[in-house]
Amino acid sequence: MRTFIRSTAVATTAVSLALLVTACGSGEKSDSGEGGKDSAPSTSATSAPAAKALSAAELDKLIVEKGDLKGYQVQKAGAEDVVTADKVTADKPACTPIAHAMSFISPGSPAASAERKVLAEPKKDATASPEDAILGGLGVQVTAVTLGSYDDQGAQDAFASVKKAGTECAGGFDVVHGAEKTKVSKVAPASITAGDEAVAFTVTSDLEGEPFTSKLVVFRKGNTLASFSTISFAPGGVQALPTPVIDAQAAKLG
C-alpha cells in the first residue's frame, strides 16, 4: 500500500501541475460527499445463478473512464501500481481480502481484472501561489478502481470474504506489500448502497508514524466485483466516499 500511496503522490503532483499552471478562472469542483445514495450496507441475497467470467478486454470496456466523469482525470494503472496477489499478504489471513482490495487487487480468485486510477481535478484558483496550488492539488482524492470478474459463485464468495474481514479485522492488522510493511490500526464500517450488494469502510493506517485515513468500497454486480480504494494527502485524510466515481462505475455495470 505504501508503494501505491507514493506513486499516487507523484501522479497527483503531475496532474496538479498540469491543471493548475494554466489556471485562469474557476474550475469544476468535484462532489466528494457521500450523497443521497448512502444507506445501511446491502444485505442482498448471494444466490445469483452461476455465470461465466468476462475477459480482461471486456472489463476494460466496462471500467470507468474520463468520459464517464466530470471534474476527474482517469489514468490506466501502471506497472508500479499493480502487483500479483501473492505479493500482498496480511498477518491475519482473514484480513487479506481487505489488504487486496486496498492494493489494486480484486479479492478472491478472479478470472480477469482491470484497473484505473481516478484523480479529482483540484479546484483552480488564479490567485493562489504556485506553492499553494501544488499543496492544494496534493489534497485531492485519488481512487484506485479495480474490476474483477469471476466464474460461477466466485464473486459472491469474494464479496462475502471482504464483508467478513470488515468485522474480523476491525481492530487492525499488518499488511506486507512486497518488501514494505504497513500497519492498519482500525477498520470501521461506513454506509453505501451500490450494485447487488455493497460494503464500505473507513481504514486508518500508520504512515511514517502518523495516522492516515482512507476509504474502501467494494460492491458486487452479478459476477463482477468493483473495488474503490480512496486516499488523499489533505489534513485528516479522506473524509467522504468517492460517490461520483462509485455511481459512474455502477452505471456502466448496469
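On a predicted model such as this, the values are computed, not experimentally measured, just so you know. (Residues numbered from 1 in each chain as written. Predicted model: local features only at pLDDT ≥ 70, side-chain atom pairs only at ≥ 80, totals over all residues. Heavy atoms only, no water.)

> Please set out the overall build of the chain residue by residue, giving values where relevant.
When helices and strands are counted, the chain shows 6 helices and 9 strands. Across the 254 residues in the chain, those meeting the buried criterion constitute 48%. Of the roughly 11000 Å² of accessible surface on the chain, 56% is carried by carbon and sulfur atoms. (Helix = DSSP H or I, 4+ residues; strand = E, 2+ residues; numbered from the N terminus. Buried < 20%, exposed > 50% of the residue type's maximum accessible area, 1.4 Å probe, protein only. Areas by Shrake-Rupley, 256 points an atom, 1.4 Å probe, with all protein chains shown as cover.)

> Could you give me a rundown of the sheet that holds strand β6 (residues 180-190), with the residues and numbers involved?
Strands sit in the order β1-β3-β4-β9-β8-β7-β6-β5-β2 across an open sheet of 9 strands; the sheet is antiparallel. The sheet is open, and its two edges are formed by β1 (72-76) and β2 (88-90), each paired on a single side. Strand after strand, the sheet turns through a mean of 25 degrees between neighbouring axes, direction not considered. Bridge analysis of strand β5 (residues 173-177) against β6 gives 5 bridges, and the strand direction is antiparallel. (Pairing = 2+ DSSP bridges. Axes fitted to C-alpha atoms, helices over the stretch in contact; angles between N-to-C directions.)

> Can you lay out the state of the cysteines for me, pointing to particular residues and giving the numbers?
Working definition of a disulfide: a covalent bond connecting the sulfur atoms of two cysteines. Throughout the structure, instances matching the rule amount to 1 disulfide. Between the sulfur atoms of cysteine 95 and its disulfide partner cysteine 169 the distance amounts to 2.0 Å. Measuring the twist about the S-S bond at about -105 degrees, one finds the cysteine 95-cysteine 169 disulfide to be left-handed. Here cysteine 95, found in the loop between β2 and α3 (96-101), pairs with cysteine 169, found in the loop between α5 (154-168) and β5; they are 74 residues apart in sequence, far enough to count as distant. For the pair cysteine 95 and cysteine 169, one class covers both residues: buried. (Disulfide = S-S within 2.5 Å.)

> Describe in detail unusual backbone geometry, supporting the description with residues and values.
The backbone phi angle of phenylalanine 104 is positive, close to 60 degrees, even though this residue is not glycine. The topology assignment puts phenylalanine 104 in the loop between α3 and β3 (112-120). Residue phenylalanine 104 is classed as buried on the basis of its relative accessible area of 2%. Phi is positive for aspartate 152, close to 50 degrees, though the residue is something other than glycine.

> Explain the pairing of β6 residue by residue, including any values.
Adjacent in sequence and paired antiparallel, β5 and β6 are bridged by 2 residues, among which glycine 178 carries a positive phi angle near 65 degrees. With 7 bridges connecting them, β6 and strand β7 (residues 197-207) associate as antiparallel partners. What sits directly across from valine 187, in β7, is valine 203. Count of turn residues in the β6/β7 antiparallel hairpin: 6 residues, of which glycine 195 carries a positive phi of about 60 degrees.

> Talk me through helix α6 (residues 243-253); I want residue IDs and the actual numbers.
Taken residue by residue, α6 has Thr243, Val245, Ile246, Ala248, Gln249, Ala250 and Leu253 as its buried positions. Residues of α6 that are buried in the fold lie against α2 (56-62), β1, β3, β4 (142-149), β8 (210-221) and β9 (224-231). A positive phi of about 90 degrees marks glycine 254, the residue just after α6. (Contact = heavy atoms within 4.5 Å.)

> For α5, give the residues involved together with the corresponding values.
Its 15 residues place the ends of α5 21 Å apart at the C-alpha level, agreeing with the 21 Å of an ideal helix rising 1.5 Å per residue. When α5 is considered as a whole, its buried residues turn out to be Ala155, Gln156, Ala158, Phe159, Val162, Ala165 and Gly166. If you follow the buried residues of α5, they end up packed against α3, β6, β7, β8 and β9. (Expected span 1.5 Å × (residues − 1).)

> Talk me through the environment of lysine 66; I want residue IDs and the actual numbers.
Looking at the secondary structure, you find lysine 66 in the loop between α2 and β1. Accessibility expressed as a relative area gives 36% for lysine 66, which makes it partly exposed. Each residue touching lysine 66, except ones within four places of it in the same chain, is listed here: Tyr72, Gln73, Val74 and Glu121. Separated by 2.6 Å, the side chain of lysine 66 and the backbone oxygen of tyrosine 72 make a polar contact. (Polar contact = N/O pair within 3.5 Å; in protein donor to acceptor, adjacent residues only side chain to side chain.)

> Before we move on, could you go through the nonpolar core and cite the residues and values that matter?
Core analysis: the largest hydrophobic core is formed by 32 residues, its most contacted members being Leu69, Val118, Phe219, Phe228 and Ile246. When contributions to this core are tallied by element, the ones reaching two or more residues are β1, β3, β4, β7, β8, β9 and α6. Not counting residues within four places of it along the chain, the set of residues in contact with valine 118 comprises Val64, Leu69, Tyr72, Gln73, Val74, Gln141, Val142, Thr143, Val145 and Val245. (Core = buried A, V, L, I, M, F, W, Y, C linked by side-chain atoms within 4.5 Å.)

> I'd like a description of the pattern of salt bridges, backed by residues and values.
With the rule as written, the count across this model stands at 12 salt bridges. The shortest N-O distance in the salt bridge between lysine 164 and glutamate 168 comes to 3.7 Å. In this pair, lysine 164 and glutamate 168 both sit in helix α5, 4 residues apart, roughly one turn of the helix. Between lysine 181 and aspartate 174 there is a salt bridge; the shortest N-O distance is 3.7 Å. (Salt bridge = Lys/Arg side-chain N within 4 Å of Asp/Glu carboxyl O.)

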